[in-house]
Amino acid sequence: MVGANLRRKHTWLRVLNNLRSRLSMWKGRNISIGGRVTLINSVLNAIPSFTLSFFKAPGLVLKEIRSILNNFLWCGNANKRCGHWVDWHTVCKPKEKGGLGVRDVGEVNKALLLKWKWRILLEDKTLCSDFLAMRYFDPKVKVLAIGGCANSSKDSLWWRDVINIDLMEAPCEDGFKGCVQSIFKKEPMFLSGLVFG
């Protein structure tokens, strides 16, 4: 996938085909709904995890993955459409809130990309941090900038995706930046030298 246009669905066909091929081995009709939920959480959500941990998936790909998982959950077959008892948003809610506890692939993708921001802030002595410092001058300041205002047209697609991703429902004021500030208020030495504006 390196070097390919990650905004095109064609680039993601291998991930989608891996999901479908895994499902073709199972006889979903013979598995209970609870068993299908367990398979979705433990196996099917794990298949695209490596790719999603590095690349931001386009909306069409996320929609296709959700469709595959939804059809498997309600029909026992990824290729067959049938009536769904509840919408996918409800299925992805925690069990305590009336859902089935299935992790939404879009939120997983976002969380894995936010982890890159976190790693950029914490890791100073790794090969990756050295590369990012050489390529993007001061990546910590750019990560903390709100709204990706530190983007350049020369930045890679991966870097722009990581910089522009933010918490949807920010538990802190100012999204990711606010969360980092609140976590490290007690340890100002961590972010010494960074200017918060």
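Residues numbered from 1 in each chain as written. Predicted model: local features only at pLDDT ≥ 70, side-chain atom pairs only at ≥ 80, totals over all residues. Heavy atoms only, no water.

### A short note on the overall build of the chain
Just so we agree on the cut-off: Put simply, DSSP H or I for four residues or longer makes a helix, DSSP E for two residues or longer makes a strand, and each gets a number counted from the N terminus. When a residue's accessible area, from a 1.4 Å probe over protein chains only, is under 20% of the maximum for its type it is buried; when over 50% it is exposed; and in between it is partly exposed. In this analysis, two residues are considered to be in contact whenever any of their non-hydrogen atoms come within 4.5 Å of each other. Each accessible area value is a Shrake-Rupley result obtained with a 1.4 Å probe; residue values ignore everything except the protein chains displayed when judging cover.
A tally of helices and strands in the chain yields ten helices and zero strands. Going from the N terminus to the C terminus, the chain shows its helices and strands as α-α-α-α-α-α-α-α-α-α. Within the chain, buried positions represent 39% of all 197 residues. By sequence separation, contacts in the chain at least 24 residues apart represent 56% of the contacts at least 6 residues apart. As presented, the chain carries roughly 11900 Å² of accessible surface, and 57% of it is formed by carbon and sulfur atoms.

### Remarks on the pattern of salt bridges
As a working rule, side chains carrying opposite charge can pair if their charged atoms are close by. Basically, it comes down to this: When a carboxyl oxygen of Asp or Glu lies within 4 Å of a side-chain nitrogen of Lys or Arg, that pair is called a salt bridge.
Applying the stated rule across the entire model yields six salt bridges. Each of Lys9, Arg20 and Glu64 takes part in a single network of salt bridges with overlapping partners.

### Details of the confidence of the model for the chain
Spelled out, the test is: Along the chain, pLDDT gives the predictor's confidence residue by residue, from 0 to 100.
For the chain, per-residue confidence averages 78 on the pLDDT scale, and 78% of positions sit at 70 or higher. Element-level pLDDT for the chain is lowest in helix α10 (residues 175-183), with a mean of 55, against a maximum mean of 89 in helix α4 (residues 59-75). Within the model, the stretch residues 186-197 combines pLDDT values under 50 with 13 contacts to residues more than four positions away or in other chains.

### Digging into the packing of aromatic side chains
Going by this rule: Only Phe, Tyr and Trp rings take part, Trp by its six-membered ring, and two of them pair if their centres are within 6.5 Å. Stacked means planes under 30 degrees apart, edge-to-face means over 60, and tilted covers everything else. Remark: a charge is flagged as sitting over a ring if the NZ atom of Lys or the CZ atom of Arg is within 6 Å of the ring centre and within 35 degrees of the ring normal.
Inspection of the entire model under this criterion finds three aromatic pairs. Judged by centre distance (5.4 Å) and plane angle (80°), the rings of Phe54 and Trp116 are edge-to-face. Remark: Trp116 occurs in helix α6 (residues 105-122) and Phe54 occurs in the loop between α3 (49-52) and α4; sequence separation between them is 62 residues. On the numbers, 5.1 Å between centres and 40° between planes, the contact of Trp74 with Trp85 is tilted. You can see Trp74 sitting in helix α4 and its partner Trp85 sitting in the loop between α4 and α5 (88-91), a full eleven residues away along the chain. The class for Trp85 is exposed, based on a relative accessible area of 67%. It is Arg119 that lies over the ring of Trp116; its NZ or CZ is 4.8 Å from the centre.

### Focus on the nonpolar core
What tends to happen in soluble globular proteins is that the nonpolar side chains get buried as a cluster. Heads up, the rule is: Each nonpolar core is a collection of buried residues, namely Ala, Val, Leu, Ile, Met, Phe, Trp, Tyr and Cys, held together in the definition by side-chain atoms within 4.5 Å.
Ranked by size, the top nonpolar core spans 26 residues in total, and within it Trp12, Ile40, Leu44, Ile65, Leu73 and Trp88 carry the most contacts. Secondary structure elements with two or more residues in this core: α1 (13-24), α2 (33-44), α4 and α5. Of all the elements, α4 adds the most residues to this core, at eight residues. Beyond its immediate sequence surroundings of up to four residues, Leu73 is in contact with Ile33, Arg36, Val37, Ile40, Trp88, Val91 and Leu100.

### Section: the packing of α1 against α4
Packed helix pairs are characterised by how far apart their axes lie and by the angle those axes make with each other. The following threshold applies: Angles here are taken between N-to-C directions and fall from 0 to 180 degrees, while the axes themselves are lines fitted to C-alpha atoms, restricted in helices to the stretch in contact. The scheme is simple: roughly parallel for angles under 35 degrees, roughly antiparallel for over 145, roughly perpendicular for 65 to 115, oblique for anything else. Charged residues are taken to be Asp, Glu, Lys and Arg, nonpolar residues to be Ala, Val, Leu, Ile, Met, Phe, Trp, Tyr, Cys and Pro, and polar residues to be all remaining types, Gly included.
As a packed pair, α1 and α4 sit with axes 10 Å apart at the nearest point and diverge in direction by 5°. Comparing their axes, α4 and α1 come out roughly parallel. Contact residues: α1 offers Leu16, Leu19, Arg20 and Leu23, while α4 offers Val61, Glu64, Ile65, Ile68 and Phe72. By residue class, the composition of the contact of α1 with α4 is seven nonpolar, no polar and two charged.

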